[in-house]
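Working through the structure, step by step
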Amino acid sequence: MTDLTKVGPPLGLQTTTDDMSPEQRCSIGIVNIELLCDLDWRGRLLLGAELSRMKYSGDFTRDKIWKTDDTARSWEEWLKRNDFRLEGGEAAISEPTAKSLIMWSVLYANFVAENGSRAERDLLPLPLPTSLAQLRPYSGMMQRVDDWQKPKLNQAGFSNMQPPFAEHQPHVIAAWQEAFESIPPDKRTRKGELRPPTKTESEDYFRKKEGLKALKAREEKKIQEAALNVGAKPADPAKQSAAAAPPRPKAKPKPAPKKSQAELEAERRAYQIQDDVRSYRLKMNNLQQSAESLEAFIKNTLAREGSESYLRELRRQEMGIYSVDNDVKKLRDAVVVCQSIYKLITESYERPEPISRHEVDPTTATVDC
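What you are looking at is a predicted structure, and each value in this text was computed from that prediction instead of being measured. (Residues numbered from 1 in each chain as written. Predicted model: local features only at pLDDT ≥ 70, side-chain atom pairs only at ≥ 80, totals over all residues. Heavy atoms only, no water.)

**Points about the nonpolar core**
Here is the rule: Only buried Ala, Val, Leu, Ile, Met, Phe, Trp, Tyr and Cys residues count toward a nonpolar core, and they belong to the same one when joined by side-chain atoms within 4.5 Å. With a 1.4 Å probe rolled over the protein chains alone, any residue whose accessible area is under 20% of its type maximum counts as buried; one over 50% counts as exposed, and the rest are partly exposed. Only DSSP runs of H or I reaching four residues or more are called helices, and only runs of E reaching two or more are called strands; each is numbered from the N terminus.
Core analysis: the largest hydrophobic core is formed by 38 residues, its most contacted members being L51, M54, W75 and W78. If you list the elements that add at least two residues to this core, you get helix 1 (22–36), helix 2 (41–57), helix 3 (75–82), helix 4 (95–120), helix 5 (132–135), helix 6 (170–181) and helix 7 (199–228). In terms of residue count, helix 4 provides more of this core than any other element does, 9 residues in total.

**Overview of the packing of aromatic side chains**
Basically, it comes down to this: Each pair of aromatic rings taken from Phe, Tyr and Trp, with Trp reduced to its six-membered ring, is defined by centres within 6.5 Å and is described as stacked if the planes are under 30 degrees apart, edge-to-face if over 60, and tilted in the remaining cases. Here, over-ring charges are defined by two tests on the NZ atom of lysine or the CZ atom of arginine: distance to the ring centre within 6 Å, and angle to the ring normal within 35 degrees.
Within the structure shown, the criterion is met by 8 aromatic pairs. Ring geometry for F60 versus W75: centroids 5.3 Å apart, planes at 75°, classification edge-to-face. One end of the pair, F60, is in the loop between helix 2 and helix 3; the other, W75, is in helix 3, with 15 residues separating them in the sequence. A relative accessible area of 0% means that F60 is categorised as buried. The class of W75 is buried, set by a relative accessible area of 4%. Ring centres of F60 and W78 lie 6.0 Å apart, and the angle between their planes is 55°; on these two criteria the pair is classed as tilted. Linking F60 in the loop between helix 2 and helix 3 with W78 in helix 3, this pair joins segments that are 18 residues apart in sequence. Like F60, the residue W78 is buried in the burial classification. By the ring-pair criterion, three or more aromatic residues cluster together here, those being F111, Y138, W176, Y205 and F206. Over the ring of F180 we find R188, and its NZ or CZ is 5.6 Å from the ring centre.

**A look at a nonpolar patch on the surface**
This is how the line gets drawn: Residues enter patches when their relative accessible area tops 30% and they take part in no salt bridge; the joining distance is 9 Å for like charges and 5 Å for the nonpolar side chains Val, Leu, Ile, Met, Phe, Trp and Tyr. Per-residue and other accessible areas were derived by the Shrake-Rupley procedure at a 1.4 Å probe size, with only the shown protein chains allowed to occlude residues. Each salt bridge in this description consists of a side-chain nitrogen of Lys or Arg and a carboxyl oxygen of Asp or Glu lying within 4 Å of one another.
A cluster of nonpolar side chains, namely Y280, M284, L287, V337, I341, Y342, L344, I345 and Y349, defines an oily patch on the protein surface of about 960 Å² accessible area. Looking at the nonpolar patch, the elements that each hand over two or more residues are helix 9 (261–305) and helix 11 (327–346). The dominant element in the nonpolar patch, judged by the number of residues it contributes, is helix 11, at 5 residues. With respect to the element layout, I341 can be found in helix 11.

Given below as structure tokens:
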């Protein structure tokens, strides 16, 4: 369940504790939900967390809105009866909308945790989602817990309820990063900030990814069919007539000769080469695009400001993981890496000599303390 303190300030929300009765927690939850419906997108995150708490704790079944004889107190019916409405929204919050809000709050917490981990490894952060629409293409990847025990409060209300979303969503994080990195480097920022992939960009990326998988499968199928039809000829009428005659005893066909180890190795080698060519080209393109994007940014910035002193001003800004006070060192390190790559691809390669354990005489070796 999402912790409200991890996604934003309290905003005047009331807190609940396990010491409270379900009726007290339900009453507080309704007040919080009504308050959060009137807030901006950050309030939507908190709203998703509050909806999640109400839903999976079962507190919604203790609302005064239920009649005594209402035994099947479902989550969907509770939402309908309360008629919660987002600020500016014409329709009440439906069950699918509530699900999307809960999903958003869970994923946002995942992104915050992921960026904290990336900061520790000196990596650039991932852009944070800023709307429900951006996350809809990822809803099918959401994982749910497999050991959830339904609340004892009114079990009838939980008959068709799916388990809560899992706290960690690595599949969504990985897919989000892939979709973001598929955006051209010069289009990954807006007003100097990393921008999240739009719903359309994510859907286009997944569509292309699935298309490549399907294309690869079709190519493999064509290769297999071509191998089966090598030297094939048109149907022979005489053979067709003979086939209609009573069958004659036939000798068992000889099994097809197995491919030699050398042939199998040659096929594996050819596939490895093609795969490496594709990877090599993609990495070279990414390197060139990133370098050209950085160069264009610096040129445009200097042209706009008219002096390199502006870059010194940028270096003085303390912005945590976004700081550029070590830009010269990073560029120098990048140049060293590029020089190393250039040397590797233009000079003769000499394989390092393996270190033999027999080269050191253990009776004469010394250990520095």
